[in-house]
Amino acid sequence: MTKPKGGTPSKPSTGSSEHVTILERSDEFIRAVAASLDAYLEIDKDGKICEFSRRAEQLFFRDRSEVMGREFSIFAPIDEPNSQSNIESESFANFEWQRLIEMGPRGPISPVKEYVLVDSQNKEILCEVVSFVVADDPNCRVALWIRDISDVRRNEEALAASFLHDPLTNLPSRTMFTYQLSYALVRHQDAPGRVAILLCDVDRFKGLNDSLGHDAGDEALVALAERLKSIVRPKDVVARFGGDEFLILCEGPLAGATATHLAKRISEVLAQPMAVKDQDVYASVSIGIATSSTNAVDAVALISNADSAMYLAKRRGGNRFAMFNDSLRTEVVTRTSLENSLHRALERDELVVYFQPVVNLSSLRVVGVEALVRWNHPDQGLMAPDTFIPTAEETGLIVPIGAWVLNCACQTMETWKQGSNERQDDRIPCEPFAYTPGNGGLVEVNLSGRQIGDPDIVATVAEAISKSSLSPDQLVLEITESTLMDDPEAALSVLEDLKSLGVKLAVDDFGTGFSSLAYLHKFPIDVLKIDKSFVMEMGNREEDTAIVRAVIDLGHTLGLEIVAEGVESSNQMEILQALGCDMAQGYLFSHPLPAASLLVLENS
Ligand code: C2E
Ligand code: MG
Ligand code: MG
């Protein structure tokens, strides 16, 4: 117990912690009031103000001398509190000071309550108030600690609004949409097919953002949101799912048909350009449609179905829509199980790297090998990369898988250089090719788009080189032409960083990615690999040979080495030799083989 100030004896405490109401004006208490960020005031038995702290003066813009002895109700708004702030608080005019006084000092401290108070300018302030009786009989008083929570509440409200609404487009947010979809599914739970959603993803939005700038990207999203709103029925919901994705919810007996109709309308309205930063911008979207069924019982499942359908639309080239159906469901299930087992493939050592020779077309000697991954699946046997690399890309698993292939390729080169290659597995069909890695032999490793986007890629490559005794220029990193063209600016900066390690860079599958050689010259590349589709057609028609000739000539003019992929016949090889192609790869020389099957010659 602290000592009472001014000698007024305090009432004896009841000892009950629920009735801690006896307040003594100790020095500590006065200091606490002075230091507090909360305002403090007291009301006497007649409802008049008899204490008013410095912080209260600041909060209410009133001098202590001016308020002392006045009714406490000068702090209550004259009218009802302003409702535009959405504040559900009590009116301070109804503050129950009398009831507190009646309960006396042994009454409980009142719970924290919210009131709207006003300052000297009649400006409303939302406050949290704690009140209790001061046991300073005979002048029993009510003490109030008052905290201004206007800013806190405003921030809370803004946060809640931004959570439910997208501030850029002013559309409902993903959270809000998910709530609305959940309610719709509950409403129609006995009638599958009455709820349909469209998930729209802008095609190549990143390119638009990068070429015109983020402000223009934002403007395009706003314009797109307006177009979507302009074509839906009033009761449909359009929401921003995030980034460049929008969701539309349709309800009704013909929800699926409405969604299909809407998807067609969206393509039509987007065929007209949008004015963005005084330019005409064309955007298209890929749309996935999913309809409620007995299999998609909740909002998250339905959105995930629409997402799978949207990816199908993208895979088919974009600017179209796809419906989620049973075959897509089977595909999703297969992919999910593939994804799950791929997660374990690395841990269980199920991946293997095969090597295919790259042959110099003048000397017909093997000058390098391309590392090509395979998956030794426990149930399905040896799986080709095309069956799992796309899933590895989608899930991001390609990053650790790619790093593993890179390290494995470098380490294998290391063992070959040391001449320790021994046939370890005679069961593997042999088609041995002779390889003398020496100090100039090359090992080529494929990098996927996801790896190019991985912030650690340069460190990963540097580490793989340093862990082997390979000279950096023995490592060739292959990036497909379509990966380069996906996001040329980002690719350029990563390729420059990789190049600074001293490695060589190759463009893989050239001819399939719609770039031009002149454009590719901006990239720090050394090697061009002509896609096998062109090589295989060679000799059949004059124009196919002409394409390969043009690529070789222009590539040479730009100082690039040319590799032809997919050489299967001596005729193709001879044509390539006549065209001056530098190197070739293909079944004519060897299929890709496991490391142990390669016949490695002594260093020369
Ligand atoms: P790619 O990098 O263009 O590799 C060449 C592909 O052509 C290989 O297929 C190879 O076996 C095949 N090939 C070689 N010569 C011939 C031929 O004469 N005729 C025919 N028809 N095909 C031939 P593979 O091993 O199935 O690999 C397919 C693709 O998978 C590769 O194409 C590459 O893009 C990707 N890939 C393979 N390993 C990796 C890897 O470790 N990482 C990444 N990111 N991608 C990989
Ligand atoms: Mg390749
Ligand atoms: Mg290729």
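Residues numbered from 1 in each chain as written. Chains lettered and ligands numbered in written order. Predicted model: local features only at pLDDT ≥ 70, side-chain atom pairs only at ≥ 80, totals over all residues. Heavy atoms only, no water.

Participant: Is there a simple way to explain the coordination of the magnesium ion (ligand 3) in this structure?
Facilitator: Angles between donor atoms at a metal ideally measure 109.5 degrees for a four-coordinate tetrahedral arrangement and either 90 or 180 degrees for a six-coordinate octahedral one. Surrounding the magnesium ion (ligand 3) are the protein donor atoms Asp 508 (OD), Asp 509 (OD), Glu 565 (OE) and Glu 565 (OE), at 2.0 to 2.5 Å. Between consecutive donor residues of the magnesium ion (ligand 3), the sequence gaps follow D-D-x55-E. Separating the magnesium ion (ligand 3) from the magnesium ion (ligand 2) is a distance of 4.0 Å, and Asp 508 supplies a donor atom to each of them. (Donors = N, O, S within 2.8 Å, 3.2 Å for Na, K, Ca; no water.)

Participant: Would you take a moment to explain the environment of Ala 275 for this structure?
Facilitator: In this fold, Ala 275 is placed in strand β10 (residues 274–276). Sequence separation between Ala 275 and Ala 220 is 55 residues, and the spatial gap between their C-alpha atoms is 8.1 Å. (Helix = DSSP H or I, 4+ residues; strand = E, 2+ residues; numbered from the N terminus.)

Participant: Hey, could you run me through the coordination of the magnesium ion (ligand 2) in this one?
Facilitator: At the metal site, the magnesium ion (ligand 2) is ligated by Glu 370 (OE), Asn 446 (OD1), Glu 478 (OE) and Asp 508 (OD), and these contacts range over 1.9 to 2.2 Å. Here the donor residues of the magnesium ion (ligand 2) share one chain and are spaced in sequence as E-x75-N-x31-E-x29-D.

Participant: For this particular structure, what's the right way to read the nonpolar core?
Facilitator: If you look at soluble globular proteins, the nonpolar side chains tend to sit buried side by side. With 72 residues, the main nonpolar core has Phe 355, Val 461, Leu 475, Leu 477, Leu 498, Leu 528 and Leu 576 as its most contacted residues. With eight residues, helix α13 (residues 398–417) is the largest single contributor of residues to this core. Those residues in contact with Leu 528 that sit more than four places away from it in its chain are Val 507, Phe 510, Leu 517, Leu 520, Val 551, Leu 560, Glu 561, Ile 562 and Val 563. (Core = buried A, V, L, I, M, F, W, Y, C linked by side-chain atoms within 4.5 Å. Buried < 20%, exposed > 50% of the residue type's maximum accessible area, 1.4 Å probe, protein only. Contact = heavy atoms within 4.5 Å.)

Participant: Sorry, what's going on with the site of ligand 1 here?
Facilitator: Near ligand 1 lie 25 residues; those nearest to it are Arg 374, Asn 446, Asp 508, Glu 568 and Tyr 587. Residue Glu 370 places a side-chain N or O atom 2.9 Å away from an oxygen atom belonging to ligand 1. Taking Glu 565, its side chain carries an N or O atom lying 3.2 Å from an oxygen atom of ligand 1. Here ligand 1 loses 87% of its free accessible area of 790 Å² to cover by the protein chains. Elements supplying a minimum of two residues to the shell around ligand 1: β15 (366–377), α12 (385–395), α13, β20 (504–510) and α19 (532–537). (Near = heavy atom within 4 Å. Polar contact = N/O pair within 3.5 Å; in protein donor to acceptor, adjacent residues only side chain to side chain. Areas by Shrake-Rupley, 256 points an atom, 1.4 Å probe, with all protein chains shown as cover.)

Participant: What's the story with the packing of α13 against helix α15 (residues 457–467) in this structure? I'm lost.
Facilitator: To characterise two packed helices, one gives the angle between the axes of the helices and the distance between these axes. α15 packs onto α13 with a crossing angle of 25° between their chain directions and a minimal axis gap of 9 Å. Considering the angle they form, α13 stands roughly parallel to α15. Considering only the axes of α13 and α15, their crossing is right-handed. Along the contact surface, α13 presents Ala 403, Leu 406, Asn 407, Cys 410 and Gln 411, while α15 presents Thr 460, Val 461, Ala 464 and Lys 467. (Axes fitted to C-alpha atoms, helices over the stretch in contact; angles between N-to-C directions. Parallel < 35°, antiparallel > 145°, perpendicular 65-115°, else oblique. Left-handed = near helix turned anticlockwise from the far one by under 90°.)

Participant: Whenever I open this one, the confidence of the model for the protein confuses me. Can you help?
Facilitator: When pLDDT is low, close inspection of the predicted coordinates is not appropriate. Summarising the model, the protein shows a mean pLDDT of 85, and 87% of its residues fall at 70 or more. When pLDDT is averaged over each helix and strand of the protein, the minimum, 56, is found for strand β17 (residues 434–435) and the maximum, 97, for strand β22 (residues 561–564). Residue range residues 1–22 is modelled with pLDDT below 50. Its contacts to residues more than four positions away, or to other chains, number 36 contacts. Note on residues 421–432: pLDDT under 50 across the span, and 26 contacts to partners over four residues away in sequence or across chains. (pLDDT = per-residue confidence, 0-100.)

Participant: What is the right way to read the side chain of Ser 292 from this model?
Facilitator: Mapped onto the fold, Ser 292 is located in the loop between β12 (285–291) and α10 (299–315). Not counting the four nearest positions on each side in its chain, Ser 292 is found in contact with Leu 185, Pro 192, Gly 193, Arg 194, Val 195 and Leu 302.

Participant: Before we go on, may I ask you to explain unusual backbone geometry in this structure?
Facilitator: Most of the time, phi is negative for any residue but glycine, and the peptide bond is trans. A positive phi angle, close to 65°, is found at Asn 122, a residue other than glycine. The partly exposed category is assigned to Asn 122, whose relative accessible area is 40%. Although it is not a glycine, Lys 277 sits at a positive phi angle of roughly 50°. Summarising the element assignment, Lys 277 is placed in the loop between β10 and β11 (279–281). Judged by its relative accessible area of 42%, Lys 277 is partly exposed.

Participant: Which parts of the structure should I look at to understand helix α8 (residues 214–231)?
Facilitator: Turn by turn, an α-helix covers 3.6 residues, leaving residues three or four places apart pointing in a common direction. Look at α8: 26 Å from first C-alpha to last across 18 residues, which is about the 26 Å you get at 1.5 Å a residue. Listed in full, the buried residues belonging to α8 are Ala 216, Gly 217, Ala 220, Leu 221, Ala 223, Leu 224, Ala 225, Arg 227, Leu 228 and Ile 231. (Expected span 1.5 Å × (residues − 1).)

Participant: What's the story with the sheet that holds strand β9 (residues 245–251) in this structure? I'm lost.
Facilitator: For sheets, the rule is that strands pair by backbone hydrogen bonds, running either parallel or antiparallel. One open sheet holds the five strands; their spatial order is β8-β9-β7-β12-β13, and the pairing between them is mixed. Looking at strand neighbours, the two that pair on one side only are β8 (237–242) and β13 (321–323), the edges of this open sheet. Between one strand and the next, the sheet's axes are offset by a mean angle of 20°, whatever the strand orientation. Sheet analysis places strand β7 (residues 195–202) next to β9, joined by seven bridges and oriented antiparallel. Along β9, the bridge assignment pairs Asp 201 with Glu 245. Along the sheet face, helix α9 (residues 255–270) touches β7, β9, β12 and β13 and points at about 25° away from the line of β7. (Pairing = 2+ DSSP bridges.)

Participant: What's the story with α9 in this structure? I'm lost.
Facilitator: In this model α9 runs 22 Å from its N-terminal to its C-terminal C-alpha over 16 residues, within 8% of the 22 Å that 1.5 Å per residue would give. When α9 is considered as a whole, its buried residues turn out to be Ala 255, Gly 256, Thr 258, Ala 259, Thr 260, Leu 262, Ala 263, Ile 266, Val 269 and Leu 270. Residues of α9 that are buried in the fold lie against β7, α8, β9, β12 and β13.

Participant: Before we go on, may I ask you to explain the pairing of strand β14 (residues 351–360) in this structure?
Facilitator: On a regular strand, one side chain projects to one face of the sheet and the next to the other, so that they alternate. With eight of ten residues buried, β14 lies mostly within the body of the structure. Bridge analysis of β14 against β15 gives nine bridges, and the strand direction is antiparallel. Its bridge partner lying in β15, Pro 357 is registered against Val 369. The antiparallel pairing of β14 with β15 creates a hairpin that spans five residues between the two strands, and Leu 364 there sits at a positive phi of about 55°.

Participant: Looking at this structure, I do not really get the pattern of salt bridges. What am I missing?
Facilitator: Any two side chains of opposite charge can pair, given that their charged atoms come close. In total, this model carries 29 salt bridges according to the counting rule given. Of the charged contacts in the structure, one is a salt bridge between Glu 66 and Arg 62, with a shortest N-O distance of 2.7 Å. Take Arg 62: its relative accessible area is 10%, and that puts it in the buried class. Across the pair Arg 153 and Glu 114 runs a salt bridge whose closest N-O atoms are separated by 2.7 Å. (Salt bridge = Lys/Arg side-chain N within 4 Å of Asp/Glu carboxyl O.)

Participant: Please clarify how the packing of aromatic side chains should be interpreted in this entry.
Facilitator: In this description, a pair of aromatic rings is defined by centroid distance and the angle of the planes. For the coordinates displayed, the defined rule picks out eleven aromatic pairs. Centroid distance Phe 60 to Phe 75: 4.5 Å. Interplanar angle 50°. Geometry classified as tilted. One end of the pair, Phe 60, is in helix α2 (residues 54–60); the other, Phe 75, is in the loop between α3 (64–67) and β3 (90–91), and 15 residues separate them in sequence. Assessed through its relative accessible area of 1%, Phe 75 is described here as buried. A centroid spacing of 6.1 Å and a plane angle of 65° characterise the contact between Phe 72 and Trp 97, whose relative ring orientation is edge-to-face. With a gap of 25 residues between them, Phe 72 in the loop between α3 and β3 and Trp 97 in helix α4 (residues 97–103) connect regions that are remote in the sequence. Under the relative-accessibility criterion, Phe 72 is labelled buried at 6%. (Phe/Tyr/Trp six-rings, centres within 6.5 Å; stacked < 30°, edge-to-face > 60°.)

Participant: Is there a simple way to think about the environment of Gln 279 in this case?
Facilitator: As for its position among the elements, Gln 279 is in strand β11. C-alpha separation for the pair Gln 279 and Ala 216, spaced 63 residues apart in sequence, amounts to 9.7 Å. Residue contacts for Gln 279: discarding those within four places in its chain leaves Leu 212 and Met 274.

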